[in-house]
Amino acid sequence: MPHDPQPARFWKRNQMKIAPYAFLAPGAVMFLIYVLIPIVQSIWISFQDWDGLGPKTWVGLANYVELMDDDTFYVALKNNLLWLGLYLLAIPMGLAAALFLNQNVWGIRLYKSLFFFPFVISQVVVGLMFTWFYAPDFGLFSQLIKWLTGSEVAILADERYVTYGIIAAGLWPQTAYCMILYLTGLNNLNFEQIEAARMDNARGWRLLRHVILPQLAPATFIAMVVTVIGALRSFDLVSIMTAGGPYGSSQVLSYFMYEQALSEYGYRMGYGAAIAVVLFLIMMVFITLFIMRMIAQERNR
Amino acid sequence: MFPTPIQKASAPARLAYQIALPIALVIWLFPLIGVAVTSLRPASDLAAGNYFGMPSSIAYENYASVFRDSPIGWYILNSFKVTIPTVIGAVGLSCLTGFALAVYGFRANLWVFFAFVAGNFIPFQILMVPVRELTLKAGLYDTTLGLVLFHVAFQTGFCTLFMRNFIKGLPFALIESARVEGVSEWQIFRHIVLPLMRPAIAALSVLVFTFVWNDYFWATVLVQGQHAMPVTAGLYALNGQWVAAWHLVSAGSIIAALPPVLMFFLMQRHFIAGLTLGATKG
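Bear in mind that the values here come from a model prediction, so they are computed numbers and not experimental data.

### Observations regarding the overall build of chain A
Then step 1. Of the regular secondary structure elements, chain A holds 14 helices and two strands.
Then step 2. The C-alpha radius of gyration of chain A comes to 25 Å, more than 25% above the 19 Å expected for a compact globule of 301 residues.
Then step 3. Counting only C-alpha atoms and orienting by the principal axes, one finds that chain A spans roughly 90 × 75 × 30 Å.
Then step 4. Counting all 301 residues of chain A, 54% fall into the buried class.
Then step 5. Within chain A, contacts between residues at least 6 apart in sequence are counted, and of these 64% link residues at least 24 apart.
Then step 6. For chain A, the accessible area works out to roughly 14300 Å², and carbon and sulfur atoms hold 65% of it.

### Observations regarding the overall build of chain B
Then step 1. A count of helices and strands for chain B gives 15 helices and zero strands.
Then step 2. Taking 19 Å as the expected radius of gyration for a compact globule of 282 residues, we find that chain B reaches 24 Å, considerably beyond that expectation.
Then step 3. Here the C-alpha coordinates of chain B stretch approximately 80 × 65 × 30 Å along the principal axes.
Then step 4. Considering chain B as a whole, with its 282 residues, one finds that 57% of them fall into the buried category.
Then step 5. Sequence separation of 24 or more characterises 74% of the internal contacts of chain B that already satisfy a separation of 6 or more.
Then step 6. Only carbon and sulfur atoms are counted for the fraction: they give 69% of the accessible area of chain B, which is about 11500 Å².
Then step 7. Looking at charge distribution, chain B has the averaged site of its 15 positive side-chain charges lying 11 Å from that of its 9 negative ones.

### A closer look at the pattern of salt bridges
Residue and element names in this part refer to chain B.
Then step 1. By the definition in use, this model includes eight salt bridges over all chains.
Then step 2. With a shortest N-O distance of 3.5 Å, Arg-68 and Glu-61 are connected by a salt bridge.
Then step 3. The class of Arg-68 is exposed, set by a relative accessible area of 53%.
Then step 4. Between Glu-185 and Arg-179 there is a salt bridge, with its nearest N and O atoms 2.9 Å apart. Each member of the pair, Glu-185 together with Arg-179, is buried.
Then step 5. Salt bridges linked by common partners bring Glu-61, Arg-68 and Asp-69 together as one network.

### Let's talk about the interface of chain B and chain A
Then step 1. With 100 residues of chain B in contact, the opposing surface of chain A contributes 100 residues.
Then step 2. Both sides of the chain B and chain A interface together cover about 9500 Å² of buried area, and 77% of this is carbon and sulfur.
Then step 3. When the area that chain B buries against chain A is broken down by residue, the three leading residues are Met1(B), Phe2(B) and Trp28(B), summing to 9%.
Then step 4. Our count for the contact surface shared by chain B and chain A stands at zero salt bridges.
Then step 5. Counting every contact that joins chain B to chain A gives 16 residue pairs in polar contact (both at pLDDT 80 or more).
Then step 6. Broken down by element, the side of chain B that touches chain A gets its largest block of residues, ten residues, from helix 7 (residues 125-137) of chain B.
Then step 7. When grouped by side-chain class, the residues that make up the side of chain B that touches chain A number 72 nonpolar, 23 polar and five charged.

### Structural notes on the nonpolar core
Then step 1. By size, the foremost hydrophobic cluster in this structure holds 208 residues, and its most contacted members are Phe116(A), Leu127(B) and Trp218(B).
Then step 2. Among all residues touching Leu127(B), those that are not within four sequence positions of it are Tyr34(A), Val35(A), Pro38(A), Ile39(A), Ser42(A), Ile122(B), Phe150(B), Phe154(B) and Trp218(B).

### A short note on the domain arrangement of chain B
Residues and elements named next belong to chain B.
Then step 1. The domain architecture assigned to chain B consists of domain 1 (6-66) and domain 2 (70-276).
Then step 2. Distance between the C-alpha centres of domain 1 and domain 2: 33 Å.
Then step 3. With eleven residues of domain 1 at the interface, the matching set in domain 2 holds twelve residues.
Then step 4. Interface area for domain 1 against domain 2, summed over the two sides, is near 920 Å², with a carbon-plus-sulfur share of 77%.
Then step 5. Together, Val-35, Tyr-63 and Val-66 form the three largest contributors to the area buried by domain 1 at its contact with domain 2, with a combined 54%.
Then step 6. At the surface where domain 1 touches domain 2, the tally comes to zero salt bridges.
Then step 7. Residue assignment for the side of domain 1 that touches domain 2 shows that the elements contributing at least two residues are helix 2 (30-39), helix 3 (43-47) and helix 4 (61-69).

### A closer look at the domain arrangement of chain A
Then step 1. Assigned domains within chain A: domain 1 (7-34) and domain 2 (64-300).
Then step 2. Averaged C-alpha coordinates put domain 1 of chain A and domain 2 of chain A at centres separated by 40 Å.

### Observations concerning the packing of helix 5 (residues 108-120) of chain A against helix 14 (residues 246-266) of chain B
The relative placement of two packed helices comes down to the angle between their axes together with the axis-to-axis distance.
Then step 1. Interhelical geometry of helix 5 of chain A versus helix 14 of chain B gives an angle of 145° and a closest axis separation of 11 Å. By crossing handedness, the relation of helix 5 of chain A to helix 14 of chain B is classed as right-handed. Counting all contacts with helix 5 of chain A, which are made through Leu110(A), Ser113(A), Leu114(A), Phe116(A), Phe117(A) and Val120(A), the residues of helix 14 of chain B involved are Pro260(B), Val261(B), Phe264(B) and Phe265(B).
Then step 2. In terms of residue class, the contact of helix 5 of chain A with helix 14 of chain B is built from nine nonpolar, one polar and no charged.

### Observations concerning a nonpolar patch on the surface
Then step 1. There is a patch of nonpolar side chains on the surface, built from Val29(A), Leu32(A), Ile33(A), Ile37(A) and Leu134(B) and spanning about 370 Å² of accessible area.
Then step 2. Among the elements that line the nonpolar patch, the one with the most residues is helix 1 (residues 7-45) of chain A, at four residues.
Then step 3. Looking at the secondary structure, you find Ile33(A) in helix 1.

### Structural notes on the packing of aromatic side chains
Then step 1. For the structure on display, the rule yields 52 aromatic pairs over all chains.
Then step 2. With a centroid separation of 5.2 Å and 55° between ring planes, the pair formed by Tyr21(A) and Phe106(B) is classed as tilted. Of this pair, Tyr21(A) sits in helix 1 while Phe106(B) sits in the loop between helix 5 (72-103) and helix 6 (109-119), placing the two residues on different chains.
Then step 3. Grouping aromatic residues by their ring pairs yields a cluster made of Tyr34(A), Phe235(A), Tyr255(A), Tyr258(A), Phe124(B), Phe150(B), Phe154(B), Tyr216(B), Phe217(B), Trp218(B) and Tyr236(B).
Then step 4. In this arrangement the basic side chain of Lys56(A) is found over the ring face of Trp50(A), its NZ or CZ atom lying 4.1 Å from the centre.
Then step 5. The ring of Phe221(A) has Arg293(A) sitting right over it, with the charged end atom 4.1 Å from the ring centre.

### Let's talk about the state of the cysteines
Residue and element names in this part refer to chain B.
Then step 1. Tallied over the entire structure, the rule returns zero disulfides over all chains.
Then step 2. No disulfide involves Cys-95; its sulfur sits 8.8 Å from that of Cys-159, the nearest cysteine.
Then step 3. Judged by its relative accessible area of 0%, Cys-159 falls in the buried class.

### Overview of helix 10 (residues 204-215) of chain A
All names here are of chain A.
Then step 1. The end-to-end C-alpha distance of helix 10 is 15 Å, a good match for the 16 Å that twelve residues give at a rise of 1.5 Å each.
Then step 2. Buried within helix 10 we find Leu-207, Leu-208, Val-211 and Ile-212. Each buried residue of helix 10 lies within a common arc of 130° when the element is viewed along its axis, so the set occupies one face. Those residues of helix 10 that are exposed and angled more than 90 degrees off the buried face are Trp-205, Arg-206 and His-210.
Then step 3. Check the buried side of helix 10 and you find it contacts helix 4 (90-101), helix 8 (162-187) and helix 9 (191-199).

Parameters and conventions
Residues numbered from 1 in each chain as written. Chains lettered and ligands numbered in written order. Predicted model: local features only at pLDDT ≥ 70, side-chain atom pairs only at ≥ 80, totals over all residues. Heavy atoms only, no water. Helix = DSSP H or I, 4+ residues; strand = E, 2+ residues; numbered from the N terminus. Rg over C-alpha atoms; globule rule 2.2 N^0.38 Å. Buried < 20%, exposed > 50% of the residue type's maximum accessible area, 1.4 Å probe, protein only. Contact = heavy atoms within 4.5 Å. Areas by Shrake-Rupley, 256 points an atom, 1.4 Å probe, with all protein chains shown as cover. Lys, Arg positive; Asp, Glu negative; His and termini not counted. Charge placed at Lys NZ, Arg CZ, Asp CG, Glu CD. Salt bridge = Lys/Arg side-chain N within 4 Å of Asp/Glu carboxyl O. Buried area = accessible area lost by both parts, 1.4 Å probe. Polar contact = N/O pair within 3.5 Å; in protein donor to acceptor, adjacent residues only side chain to side chain. Nonpolar A, V, L, I, M, F, W, Y, C, P; charged D, E, K, R; others polar. Core = buried A, V, L, I, M, F, W, Y, C linked by side-chain atoms within 4.5 Å. Domains from an automatic or database assignment. Axes fitted to C-alpha atoms, helices over the stretch in contact; angles between N-to-C directions. Left-handed = near helix turned anticlockwise from the far one by under 90°. Patch = residues over 30% accessible without salt bridge, like charges linked within 9 Å, V, L, I, M, F, W, Y side chains within 5 Å. Phe/Tyr/Trp six-rings, centres within 6.5 Å; stacked < 30°, edge-to-face > 60°. Lys NZ or Arg CZ within 6 Å of the ring centre and 35° of its normal. Disulfide = S-S within 2.5 Å. Expected span 1.5 Å × (residues − 1). Arc of directions from axis to C-beta.

Spelled out as structure tokens, the structure:
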């Protein structure tokens, strides 16, 4: 750039250098203080023994060693995998709902919004609804099971079914979320390609598989991201519906961490932080994959 | 259009579709309908075992008693005190960060952007102990301001992703020509870009409102007492008191769910635009 002696132009060049940082600073500082630095602090605390009030004692890997011997940790880990696997069902279910609703008939807009309803409601309310739904004696679901099988099952009090019951409650809003992503995707299809495929006699399943789904790939990607993250973050429903019970059988890492660090079981901040770090590392695997894909997309722009 | 428009199908198929729609909707919303009906059922019905039949009368009384005998009105007020400043703060900050990341090609640009994106996906638990500690030390534990500050910081991550992509979609020539005219960077932001960001601001406002209103985790971690408790944590506490008083639990649930639901219905188009940005612009 040629040097320009005029002060106004000089300021303008400096302005271009300063402006991005000035615009960025307020948000970035907040994000640094409340998100990025706490991650590092948590990792640091996970090497300490700390009750949240007194002095911290460095214990090295002791929290992690203890975690490896903790049965609840393995129950939580197993349940997290179950959440992850079953939660992904929200994607095909959401797609099915979107295909069902992607018509142009009278009142369809209202139907779409009402189908989306569960996502707008707080998970606390969803949890209470399903607790009521599953309640023995008067819950609609238990009545249905009784009517079908003749025997009563208290889903949330039964170690065999409790996690499935909670995941089912979580799938309700998550399916609605995926549905709305796919409905938008379906609105943006390339019609010429579809018509061309129809000319070639592609119908129904084959058309969906080879023409529609590839076009829906961006929606599927976002649905994957939000569903995987949602599954691993699951906390509210477990807390509301069972608090990890009965006998810790519906425990997940996020709730286990909270219970260890901040509840009547004691204030074991170091141990809780170690659990959080494990969950963080698991999620980082997925986050890294997502970000790598996003970087690839950025490059292609 | 996919699937094939139903108008092209046979008359019986069209009729079947028209019948299937409301049936599917009722099945889908069954838990919600059940709770809504229970919230209007008199306590005497539940005592008499009338859980599923028609309510013997419509008990608006349940709602009145929830407001009269529990602090739910106060909890709702707290939720507003947390949610509204958060919306303003997070959307405001992300207008700035989004502009910075979309318009300027400085060196760390992509890194900063992906830090915001990644921060958005991490588990809350990795932040819990330090953020609680920070809030305690700042004297903001058990206050709505403590919640607001955290939510603003965290939501800024999501909002920045959204704003940056939105501004990238605007015609850059507008900014270029203003620069040639000698308009300052701040003026460009304030008078050229900001007015064009209205749809993004609307979409994010509705979305952040819903996310923050529905937050439960931070409401339990950063608040202990009634005076600052938002309605999600409050409802859970009340659920413990109303043991098996399902008519009250149901009425409370409906009350707590109503503000984001109304918001969604009033601003539906913005809401969906917010959720699906990125899915549409691929």
